[in-house]
Amino acid sequence: MANLNRVFLIGRLTRDPEFRTFSNGGKVAKFGFAVNNRKKNTQTGQWEDEPVWLNCEAFNRGEQGTLADRIERNCRKGTQLYLECHLQLDSWTTQQGEKRSQLKLVVDNLQLLDSRQGGGEGG
C-alpha cells in the first residue's frame, strides 16, 4: 500500500520564531503558522475566513540544510510563506501521568512571499 505524507501551505507566522542550537551544530526554528479556510456564513450570506493555527519546526539538516538559518534571517510575526512540509505526531506524558499528543508540521522547503521582508528567497 502506498503512503504519502506531504502538506503544502501558504500562510503567515503567528509569532516570532524561537530558535535552539544543538551541541552538534544543528539548529531548529519553531514557529506558529496560520492559514485560512473560507466558509459562507449561513446567516449573512457573506464569505468569512476561518483561521487554522499550526505549530511548525524547521531544521538545519545535512550539509545543505539551512532552513532554520533562513527563517532566523528573514522571518518575523506576520511574514507570509509558502511551506512544503510533512506531518509528525509528537507524544508525551505529563507530570500528572496523562498521555498527550499533537500533530506538528516539519518544514522540508519554504519560500518567502513577502516582498517587504526582502522576499523572493527561493527554496
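Cut-offs applied
Residues numbered from 1 in each chain as written. Predicted model: local features only at pLDDT ≥ 70, side-chain atom pairs only at ≥ 80, totals over all residues. Heavy atoms only, no water. Helix = DSSP H or I, 4+ residues; strand = E, 2+ residues; numbered from the N terminus. Buried < 20%, exposed > 50% of the residue type's maximum accessible area, 1.4 Å probe, protein only. Contact = heavy atoms within 4.5 Å. Lys, Arg positive; Asp, Glu negative; His and termini not counted. Charge placed at Lys NZ, Arg CZ, Asp CG, Glu CD. Phe/Tyr/Trp six-rings, centres within 6.5 Å; stacked < 30°, edge-to-face > 60°. Core = buried A, V, L, I, M, F, W, Y, C linked by side-chain atoms within 4.5 Å. pLDDT = per-residue confidence, 0-100. Arc of directions from axis to C-beta. Salt bridge = Lys/Arg side-chain N within 4 Å of Asp/Glu carboxyl O.

Enquirer: So what exactly am I meant to see when it comes to the overall build of the protein here?
Expert: Helix and strand counts for the protein come out as one helix and six strands. Going residue by residue from the N terminus, the α and β elements of the protein occur as β-β-β-β-α-β-β. Projected onto its principal axes, the C-alpha positions of the protein cover 55 × 45 × 35 Å. In the protein, buried positions account for 33% of the 123 residues. Sequence separation of at least 24 residues holds for 55% of the intrachain contacts in the protein that already meet a minimum separation of 6. Separation of charge centres in the protein, based on 18 positive and 15 negative side chains, amounts to 2 Å.

Enquirer: Would you mind showing me how to read the packing of aromatic side chains here?
Expert: How two aromatic rings sit relative to each other is given by the distance of their centres and the angle of their planes. This structure, assessed with the given rule, holds one aromatic pair. Seen in terms of ring centroids, Phe-31 and Phe-33 are 6.4 Å apart; in terms of plane orientation they differ by 75°. Their pairing is edge-to-face. Take Phe-33: its relative accessible area is 0%, and that puts it in the buried class.

Enquirer: Where do I start with the nonpolar core in this structure?
Expert: Nonpolar side chains tend to gather and get buried jointly when the protein is soluble and globular. If you look at the biggest cluster of nonpolar residues, it comprises 20 residues, and the most contacted ones within it are Phe-31, Phe-33, Leu-81, Leu-83 and Val-107. Residue assignment for this core shows that the elements contributing at least two residues are strand E1 (7–13), strand E3 (27–40), strand E4 (47–59), helix H1 (67–74), strand E5 (80–93) and strand E6 (99–112). Sequence-distant contacts of Val-107, defined by excluding residues within four places in its chain, comprise Phe-31, Cys-56, Glu-57, Ala-58, Leu-67, Leu-83, Glu-84 and Cys-85.

Enquirer: Teacher, can you tell me more about the confidence of the model for the protein here?
Expert: A low pLDDT score tells you not to read the predicted coordinates there in detail. Looking at the protein as a whole, its pLDDT mean stands at 90, while 90% of the residues score no less than 70. In the model, residues 117–123 has pLDDT below 50 throughout and makes 16 contacts with residues more than four positions away in sequence or in other chains.

Enquirer: Even after reading the chapter, I still don't get H1, so can you show me in this structure?
Expert: Residues spaced three or four apart along an α-helix face the same direction, because each turn holds 3.6 residues. Among the residues making up H1, those that are buried are Leu-67, Ala-68, Arg-70, Ile-71 and Asn-74. One face of H1 carries all of its buried residues, which in axial projection span an arc of 160°.

Enquirer: Could you clarify how one ought to interpret the pattern of salt bridges in this entry?
Expert: Oppositely charged side chains can form a pair if their charged atoms are brought close together. Per the stated rule, a full pass over the model turns up 10 salt bridges. Taking the shortest distance from any N to any O, the salt bridge between Arg-6 and Asp-108 comes out at 2.6 Å. Here Arg-6 is found in the segment before E1, whereas its partner Asp-108 is found in strand E6, with 102 residues between them in sequence. The class of Arg-6 is partly exposed, set by a relative accessible area of 34%. The residue Asp-90 makes a salt bridge to Lys-104 at a minimum N-O spacing of 3.2 Å. Here Lys-104 lies in strand E6 and Asp-90 lies in strand E5, a separation of 14 residues in the sequence. One network of salt bridges, in which partners are shared, links Lys-30, Glu-57, Asp-90 and Lys-104.

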